[in-house]
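The chain contents come next:
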Amino acid sequence: MSGVFEPTRAAGLARMHAFVPHSGRAYAEGRNSDLGPGRPSAVSQLSPWLRFRLLSEQEVCAAVLEKHSLAAAEKYVQEVLWRTYWKGWLEMRPGIWTRFVEERDVQRERLRNVRALEQAEQGRTGIEGFDDWARELVETGYLHNHARMWFASIWIFTLRLPWALGADFFLRHLIDADAASNTLSWRWVAGLQTAGKTYLATADNIARYTGGRFAPKGLAEIAEPLTEAPVPAATPLGEAGSARGAPALLLVTSDDMHPDEALLREADIRGTCIAADRALLWGDKAGAFVADAARDMAAALGETGKAPVKRIDALNAGAIVQASREAGVKRVVTPYAPVGPVATRLADIAKALEGEGIELVQVRRDWDETFWPHARKGFFPFKQHMGRLLEDMGLTRT
Ligand SMILES: Cc1cc2nc3c(=O)[nH]c(=O)nc-3n(C[C@H](O)[C@H](O)[C@H](O)COP(=O)(O)OP(=O)(O)OC[C@H]3O[C@@H](n4cnc5c(N)ncnc54)[C@H](O)[C@@H]3O)c2cc1C
């Protein structure tokens, strides 16, 4: 797969279809290797489209399972489900996101103007591989999963920098920057997510899976888990709303840019408002991806001519009230926003809309309703449900 991320659903679909034939054995055997940017790779590089839901986990798994049995494509489906798992896990422990944001802010202040941090971010530590990945990330907005693991491990255990600042560096540069996948993966490397279990990057492993490109010297030889206050128990998932009901404005946010067919079928949509708010993303590359995707989507929806389509750059109550008035509705329906900046903003907007007599309804996808409740503990128990749930959804062949 090539490393260029064209921010349209059509480009995501084309990449998905091109990848499907390789999602079985080729993926399972080759997925850990990272031969470098622009070099052949066994991974799909679908993450930017999945992150903003220009493609859904369900349709990617369906396309893969249409071609392969679950046994043949288990590795790939399982990786897609890691994303679903992290989303569900954080949804039931929103305080872990807040904890990250607070920790990041404290550490930012503490390490202001610290050279070691600057050198790490600029790829000037002298550590082979690490410096290359830092620059690759900034230049391309993407890193292979194994490179993300090595990088995070070296950041935490060799350079001894705060994990929350590493997670922040990733958020500011990855196109696929995601509150759940990024925060929880960094926590996992640090030994916070699975208590006591860390990820230690070694020169041998790096040399093996980079085709001998890098064999860094002086890496930490032990990875003592970091510690923190106990993680709160999972809280039940909040109630999601229904698309059915009075005529509504459809609000599209960067967390789900291609609303589910079921939502579109069930809601009585009188107008669409697409919000591409850069302030709710962390980096320029993600911001540009979303802005272009919003333009593409507005053009596509405009062509169908079913209801007026409007694009806004700032997701705020004033803009939504105005768009609701223009559509002549007292109800706004939007795909559910998982824990992160969009969800926080929507919570504030909902309160302001209430004052105007406008209801804001967030609708969860079947996929999330099906899988998220099983993300209460570790990935292993979550995975045990995978075959049955995929079968219940009609995605596996019998
Ligand atoms: C420290 C660290 C930070 C990360 N930050 C992010 C992030 O901000 N956003 C993000 O989408 N992923 C993140 N990941 C997960 C993973 O690295 C990327 O999803 C993956 O590399 C994307 O490349 P791909 O599409 O080619 O993956 P493929 O291997 O082709 O996998 C297909 C899809 O499955 C999902 N996926 C695969 N592996 C994982 C995983 N380990 N965790 C969660 N989802 C996964 C992604 O949506 C991916 O597009 C992070 C991993 C680590 C170790």
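Basis of the calculations
Residues numbered from 1 in each chain as written. Predicted model: local features only at pLDDT ≥ 70, side-chain atom pairs only at ≥ 80, totals over all residues. Heavy atoms only, no water. Core = buried A, V, L, I, M, F, W, Y, C linked by side-chain atoms within 4.5 Å. Buried < 20%, exposed > 50% of the residue type's maximum accessible area, 1.4 Å probe, protein only. Helix = DSSP H or I, 4+ residues; strand = E, 2+ residues; numbered from the N terminus. Contact = heavy atoms within 4.5 Å. Axes fitted to C-alpha atoms, helices over the stretch in contact; angles between N-to-C directions. Parallel < 35°, antiparallel > 145°, perpendicular 65-115°, else oblique. Nonpolar A, V, L, I, M, F, W, Y, C, P; charged D, E, K, R; others polar. 1 Å grid on protein atoms, 1.4 Å probe; cavity = no way out; pocket = protein on both sides within 12 Å on 5 of 7 lines; lining within 4 Å. Points joined across faces, edges and corners; volume = space filled by probe spheres on them. Domains from an automatic or database assignment. Near = heavy atom within 4 Å. Polar contact = N/O pair within 3.5 Å; in protein donor to acceptor, adjacent residues only side chain to side chain. Areas by Shrake-Rupley, 256 points an atom, 1.4 Å probe, with all protein chains shown as cover. Sits in = over half its atoms within 2 Å of the grid points. Buried area = accessible area lost by both parts, 1.4 Å probe. Salt bridge = Lys/Arg side-chain N within 4 Å of Asp/Glu carboxyl O. UniProt positions renumbered as here; feature names shortened; annotations may be inferred.

(A) Region of interest: the nonpolar core. Membership of the largest hydrophobic core comes to 108 residues, with the highest contact counts inside it found for Val77, Trp133, Phe151, Trp155, Trp163, Trp186 and Leu390. With 10 residues, the top contributor of residues to this core is helix H5 (residues 70-91). Those residues in contact with Trp133, other than ones at most four positions away along the chain, are Asp34, Leu143, Ala147, Trp150, Phe151, Ile154, Ile206, Thr210 and Phe214. Counting residues in hydrophobic clusters, the runner-up holds 23 residues, among them Leu249, Ala317, Val332 and Ile358.

(B) Layout of the packing of helix H7 (residues 115-122) against helix H8 (residues 130-140). Put simply, H7 and H8 touch, their axes get as near as 7 Å, and they point 70 degrees apart. Taken together, the axes of H7 and H8 lie roughly perpendicular to each other. The residues of H8 that touch H7, namely those facing Ala120, Glu121 and Gln122, are Phe130, Ala134, Arg135 and Val138. Each residue belonging to the contact of H7 with H8 can be placed in one class, and the counts come to 4 nonpolar, 1 polar and 2 charged.

(C) Quick look at empty space enclosed by the protein. Counted according to the given criterion, the structure contains 2 cavities of 30 Å³ or more. For the largest cavity, the calculated volume is near 150 Å³. Elements with a minimum of two residues in the lining of the largest cavity: H5 and helix H16 (341-355). Each of domain 1 (9-91 + 371-392) and domain 3 (248-363) accounts for three or more of the residues forming the lining of the largest cavity. Taken as a whole, the second largest cavity encloses approximately 30 Å³ of empty space. For the second largest cavity, the full set of lining residues is Ser153, Ile154, Phe157, Thr158, Leu200, Ala201, Leu219 and Ala220. The residue makeup of the lining of the second largest cavity, split by class, is 6 nonpolar, 2 polar and no charged.

(D) Region of interest: the site of the ligand. The full set close to the ligand counts 27 residues, and Tyr27, Ser44, Gln45, Asn145 and Asp176 are the nearest of them. Arg83 has a polar backbone atom sitting 3.4 Å from a nitrogen atom of the ligand. Between the ligand and the protein, one listed contact pairs an oxygen atom with a side-chain N or O atom of Arg148 at 3.4 Å. Protein chains bury 96% of the 810 Å² of accessible surface belonging to the ligand in isolation. According to the grid-proximity analysis, the pocket containing the ligand is the largest pocket. It is H5 that contributes the most residues to the shell around the ligand, 6 residues altogether. When its residues are assigned to classes, the shell around the ligand shows 15 nonpolar, 7 polar and 5 charged.

(E) How the structure looks around the domain arrangement of the protein. For the protein, the domain assignment lists domain 1 (9-91 + 371-392), domain 2 (98-209) and domain 3 (248-363). Of note, the centres of domain 1 and domain 3, computed from C-alpha atoms alone, are 27 Å apart. Regarding the contact of domain 1 and domain 3, the summed buried area is about 1,200 Å², with carbon and sulfur atoms giving 61% of it. For the interface between domain 1 and domain 3, the tally reads 1 salt bridge. The salt bridge partner of Asp255 is Arg51, with a shortest N-O separation of 3.0 Å.

(F) Spotlight on the layout of surface pockets. For the largest pocket, the calculated volume is near 1,400 Å³. Lining the largest pocket we find 47 residues, and of these Glu79, Trp82, Trp86, Asn145 and Ser185 sit closest to its centre. Going through the elements one at a time, helix H3 (47-51), H5, helix H9 (145-158) and helix H11 (179-190) are the ones with two or more residues in the lining of the largest pocket. By residue class, the composition of the lining of the largest pocket is 22 nonpolar, 14 polar and 11 charged. When we break the lining of the largest pocket down by domain, the ones giving at least three residues each are domain 1 (9-91 + 371-392) and domain 2 (98-209). The space that makes up the second largest pocket amounts to roughly 520 Å³.

(G) Up close: the UniProt feature "binding site: FAD" (unreviewed entry) in the protein. According to UniProt, the positions carrying the feature "binding site: FAD" (unreviewed entry) are Tyr27, Tyr76, Asp176, Ala177 and Asp178. For the residues just named, distributed over 152 residues, the greatest C-alpha separation reaches 23.1 Å, placing them at more than one site. For the largest cavity, the lining residues drawn from the annotated set are Asp178. Tracing the backbone shows Tyr27 in helix H2 (residues 25-30). For Tyr27, a relative accessible area of 6% translates into the label buried.

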